[in-house]
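Inside the fold
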Amino acid sequence: MIEYIIKLRRESKNIFRDRWVWQMAWRDARHNFSRLFLFAASLITGIAGVVALDSLNFSLQEDIDRNAKELLGADLVVNANRVFEPELLTYFDSTKLEQAGEADMASMVLFANSGQSRLIRLVALTGPFPFYGTIETKPSHAYDSLKEKSGVALLDENLASQYEVSSGDSIKVGNRYFTVAGVVSKIPGGGGLMTTFTPSVYINMADLDSTGLVQFGSRVSYRRFFRIEDEKLLEEIVDEVKPLTRKYGHSYETVEARKRGLGRGFESIYRFFSLLAFIALVLGSIGVASSVHIYAREKRDEVAVLRCIGSSGWQAFNIYFIQIFFIGILGSMIGAALGVGVQQLIPLVVEDSIPFDVAFTISWRSIGMGILLGTLVSVLFSILPLVAVRFVPPLTVLRSDPEQTDVFSKTKWAAIILIGLFPMGFAALQTKSILTGLYFFLGLLVALVCLTGVAYLLLFLIKRFFPHGAGFIWRHSLSNLFRPNNQTRVLMVTIGLGAFIISTLNVVEKSMLSQVEFKGQENQSNTILFDIQPTQKDGVIKLMEENNLKVNQVVPIITCRLSEVRGRDITTIQNDTTDKARNWALTREYRVTYRDSLHVSEKLIEGELQRMEGDTIWITISEGMLDDLEVKLGDSIVFDVQGVPVVTRIAGVREVDWPTDPPNFIFVFPSGVLEQAPQIFVTATRIEDQQLASRFQQALVIQFPNVSVIDLRLILGTINALFDKLGLVIRFLALFSIITGLIVLAGAVINSKFARIKENVLLRTLGARTIQIAKITLIEYAYLGLFSAITGLALSLGGGFLLTKFFFEITFAFDWKEVLIIGIGVVSLTVLIGWLNSREVVNTPPLKILRKET
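Since this is a predicted model, take the numbers as computed values, not measurements.

Some words on the overall build of the protein chain
For the protein chain, the count of helices and strands is 28 helices and 21 strands. A separation of at least 24 residues holds for 83% of the contacts in the protein chain among residues at least 6 apart in sequence. Carbon together with sulfur atoms contributes 59% to the accessible area of the protein chain, which is approximately 39,400 Å² in total.

What follows is the structure, encoded as structure tokens:
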């Protein structure tokens, strides 16, 4: 026996010197390319998905690194939501660095040529901004005109196009008219997706005060840009700026921080692409193993003949291994080329949704990885089914022997171990985390164990509760599930795994697209008016009533900051490294309101809404802010309301559905506390008629130029259009995994053909009619598809929940209709392929098949 094994190993090593093996591999391959269709299709779609998705990730990350400085427009930016304090201004001047400034706020613009109005982002610029990148305008000198002349404005290109504004036209912003000098097509730090929601109007900083928009309660953001080319000096400046910005609740940003921020912004996309690539490769690998198994079963008779004329088991193995190896390389190259082609199509859909220009260049690293992975998959997942070829006995020529005695093989066990490690290694490579790779592997392992367990349980229950009183067709189709040498367990595991992966992909996709759920269509209000001064409140309400508009709510808003939390001042908490309270939650500016009842978007989930206890002021807080501030019921919070300290305690916690009927608030005070504090008002209404909306907004801008309007219908339409695009991209990329999964299902069903031939022939010989065999076949495959789909879909909900919660860190969501459609599709596909697969046997005379088999 030892000599025999040594001889086999020696023969396996002689594959490159055995000319006969190569000749046989070529001669056989010329007539069998069509039989390897499932193998090639699985490999091509799987590798195409991997290359396309990896190339997209590579392009996005490369362009983030390349565009970060131009997106920021400077080396350092200090941000504030109020005018910079004298201490900060003194420090800025002392640095002697090249500087530029910006102030922006929401406002309304009135177009003199049409009388229409629109909510815009008013941007006032001063200094030589930008330091990196360029502001592209039409005409090219328009930005120079804005810096040199007073009363000149520039518009975002899409805004000018939408309202048919040309150079020389007039617009009114606040109390002042401006002459349009041109349009802005690209500006560092702006443009891109956000211009769709809030297009910008640009003016000179010197003209901002003349608009009359900067009043009490106006929400104005200020930025100071610095050019610091020396990296060491930049670090020193950042070290000096950091404590000053924290002291006043401001923030700063560097190029590296912008890179990290963009990276985090695309993190879910990266993770989803990585998951898609992992699924595509796993499905492709399953398809490879399934199709090679079919191919090896079909070659049993030919191998037996070769064994009879003196060929060794290793020689037979090498003949088909060579075919698989080279077809694997060819399929990998085709898949890589297809993946590159797909990647180049993506910009046509997503280019308007990315805030910078993405080159989508060809990633040779991704192509090389795809070809290498494809070759590895074709070799690794074909070895296991091909190993059986080595042990085909010569006696098979004389007697059909479809089932082989299990023979110990080191090659087989080595392949099993490598196959187990492969998905874990690839997942770790894609996610850059060994732990994540291990979780992915364990997830697949758990799914396989569950599917196998359900298959065994199903067979046990069928045997235990077999319906002996049922008709022949129903009894026989059920008994087929547990007949000797059946394929029930293998089919259920394979079909169920395909259903599990495809459905999990659908759950993750649905969860991602559900993260931005805009409810404007369901709201009582679709138009919001804000920045209303107290002296303007009655006039705005009167104007709404004159236009027959219902006043849904009038909400006071008070601007304040936190000065103490739980008896500790903010500076002490910030300096305490053991305190987990988030810095932004401590230093941000809050807008609060007062009322004695819950809004329609709120629900009290803990504590009390109203609580009177001496002079103590009890407030309610939104549930998410409890964790951010590290507070609980009864804790004290001191607010700085325009320089006046207001001591409060937390009485209750509200669950807030933020998109429903805004405005909504983090903190709500009781009535009788803040009425005398400086405040502005927000009101809301619902306008169905577009002409009425235009007339009302025009009158509002003329009478109250500082009051801004948010048209939720416009935002809703924009969001829906954007997510339709993103959904199209996600579904298009997921299509590769779905197609690969369908190929796997087809291969699994076709693989069962060999175990069913004799049963159908014997039934025909015993007198069964064609229609009876057809019904038996359809019902049996329906059982398999149904049980496999139910198991796979149930597992996908659990897997999707774990992925969304712990991997993507998003809210779990799924659509029962889509999950049901996937289940019906899996069952229907299993029945259809099963029927097509058995049609030849059903329609062929029994004698012909018996002669062929014997």
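Having seen the model, we can carry on.
Some remarks on unusual backbone geometry
Across the junction of Phe-129 and Pro-130, the peptide omega takes the value 0°, indicating a cis bond. The topology assignment puts Pro-130 in the loop between strand E3 (117-126) and strand E4 (136-138). With an omega of 0°, the peptide bond running from Lys-138 to Pro-139 counts as cis. The residue Asp-531 is not glycine, and still its phi comes out positive at about 65°. Turning to its location among the elements, Asp-531 is positioned in strand E11 (residues 527-532). Take Asp-531: its relative accessible area is 7%, and that puts it in the buried class. Residues other than glycine seldom take positive phi values, yet Asn-548 does so here, at roughly 60°. On the basis of relative accessibility, which here comes to 72%, the residue Asn-548 falls in the exposed class.

Here we look at the packing of helix H4 (residues 86-94) against helix H8 (residues 231-248)
Running from N to C, H4 and H8 cross one another at 165°; their axes reach a closest spacing of 11 Å. With respect to H8, the axis of H4 lies roughly antiparallel. Our pair here, H4 against H8, has a crossing hand that is left-handed. For the pair H4 and H8, the contacting residues are Glu-87, Leu-88 and Tyr-91 in the first and Ile-237, Glu-240, Val-241, Leu-244, Lys-247 and Tyr-248 in the second. Looking at the contact of H4 with H8, its residues break down into six nonpolar, no polar and three charged.

So, the nonpolar core
Counting residues in each nonpolar core, the largest one holds 58 residues, and the members touching the most others are Leu-281, Tyr-320, Leu-373, Leu-386 and Leu-497. If we skip the residues at most four places from it in the chain, Leu-386 touches Val-292, Ala-296, Phe-317, Tyr-320, Phe-321 and Ile-324. The next biggest cluster of nonpolar side chains, apart from the first, holds 40 residues, and it includes Val-183, Tyr-222, Ile-237 and Val-241.

Considering the side chain of Gln-99
Mapped onto the elements of the fold, Gln-99 is located in strand E2 (residues 98-111). A polar side-chain atom of Gln-99 sits 2.8 Å from a polar atom in the side chain of Arg-224.

Digging into a nonpolar patch on the surface
On the surface, Leu-435, Leu-438, Tyr-439, Leu-442, Leu-445 and Val-449 cluster together to form a nonpolar patch covering roughly 540 Å² of accessible area. Summarising the element assignment, Leu-445 is placed in helix H16 (residues 434-464).

Describing the pattern of salt bridges
Note that side chains of opposite charge can pair when their charged atoms are close. On inspection of all chains with the given rule, the structure shows 15 salt bridges. Two residues, Glu-229 and Arg-227, come together in a salt bridge whose shortest N-O distance is 2.8 Å. Since its relative accessible area comes to 28%, Arg-227 is described here as partly exposed. A salt bridge links Arg-591 to Glu-589; the shortest N-O distance between them is 3.0 Å. Within this structure, Glu-102, Asp-104, Arg-121 and Arg-223 form a network of salt bridges that share partners.

Remarks on the packing of aromatic side chains
Within this structure, the stated rule accounts for 15 aromatic pairs. On the basis of an interplanar angle of 80° and a centroid distance of 5.0 Å, the ring pair of Phe-639 and Phe-667 is categorised as edge-to-face. Placement of Phe-639 in strand E17 (residues 636-641) and of Phe-667 in strand E19 (residues 667-669) is noted, with a sequence separation of 28 residues between them. Put simply, the rings of Trp-22, Phe-321, Phe-325 and Phe-326 touch in pairs and so form one group of aromatic residues. When the ring centre of Tyr-590 is taken as reference, the NZ or CZ atom of Arg-588 above it lies at 4.5 Å.

Here we look at empty space enclosed by the protein
A full pass over the atoms with the stated rule returns two cavities of 30 Å³ or more. In this structure, the second largest cavity spans a volume of roughly 30 Å³. Every residue along the wall of the second largest cavity is listed here: Leu-125, Ile-135, Tyr-143, Leu-146, Leu-154, Val-184, Ile-187 and Tyr-202. Partitioned by chemical class, the residues of the lining of the second largest cavity number eight nonpolar, no polar and no charged.

Cut-off values and rules
- Each chain has its residues counted from 1, following the order in which its sequence is written.
- Where totals are concerned, whole chains, interfaces and linings use all residues; where local detail is concerned, this predicted model gives features only for residues with pLDDT of at least 70, and gives and counts side-chain atom pairs only at 80 or more.
- The side-chain quantities take in all heavy atoms of the structure and omit both hydrogens and water.
- Each helix is a run of DSSP H or I of at least 4 residues and each strand a run of E of at least 2, with the numbering of both proceeding from the N terminus.
- Throughout, a contact is declared for two residues whenever any of their heavy atoms are within 4.5 Å.
- For accessible areas, the Shrake-Rupley method is used with a probe of radius 1.4 Å. Any residue's cover is judged against the shown protein chains and nothing else.
- Relative accessibility under 20% of the residue-type maximum defines a buried residue, over 50% an exposed one, and the middle range a partly exposed one, all with a 1.4 Å probe and only protein chains included.
- Here, axes are lines fitted to C-alpha atoms. For helices the fit covers the stretch in contact, and angles between N-to-C directions go from 0 to 180 degrees.
- In what follows, roughly perpendicular refers to angles from 65 to 115 degrees, roughly parallel to angles under 35, roughly antiparallel to angles over 145, and oblique to any angle outside these ranges.
- For any helix crossing, the convention is left-handed if the near helix is rotated counterclockwise from the far helix by under a right angle, and right-handed if that rotation is clockwise.
- For this classification, the nonpolar set comprises Ala, Val, Leu, Ile, Met, Phe, Trp, Tyr, Cys and Pro, the charged set comprises Asp, Glu, Lys and Arg, and every other residue, Gly included, is treated as polar.
- For our purposes a nonpolar core is just a set of buried Ala, Val, Leu, Ile, Met, Phe, Trp, Tyr and Cys residues, chained together by side-chain atoms within 4.5 Å.
- Counted as a polar contact is a pair of N or O atoms within 3.5 Å, where, for protein atoms, one must be capable of donating a hydrogen and the other of accepting one, and residues adjacent in sequence contribute only when both atoms are in side chains.
- Residues form patches when they are more than 30% accessible in relative terms and have no salt bridge. Like charges link within 9 Å. Nonpolar side chains (Val, Leu, Ile, Met, Phe, Trp, Tyr) link within 5 Å.
- The term salt bridge refers to a side-chain nitrogen of Lys or Arg lying within 4 Å of a carboxyl oxygen of Asp or Glu.
- Ring pairs shown here join Phe, Tyr and Trp side chains whose ring centres sit within 6.5 Å, with only the six-membered ring taken for Trp; geometry is labelled stacked below 30 degrees between planes, edge-to-face above 60, and tilted in between.
- Definition used: whenever NZ (Lys) or CZ (Arg) falls within 6 Å of the ring centre and also within 35 degrees of the ring normal, the charge is taken to sit over that ring.
- Points on a 1 Å grid, built from protein atoms alone, make a cavity when a 1.4 Å probe fits but cannot get out and make a pocket when they are open with protein on both sides within 12 Å along at least 5 of 7 lines; residues with an atom within 4 Å of a point are the lining residues.
- Grid points are joined across faces, edges and corners, and a volume is the space filled by probe spheres set on the points.

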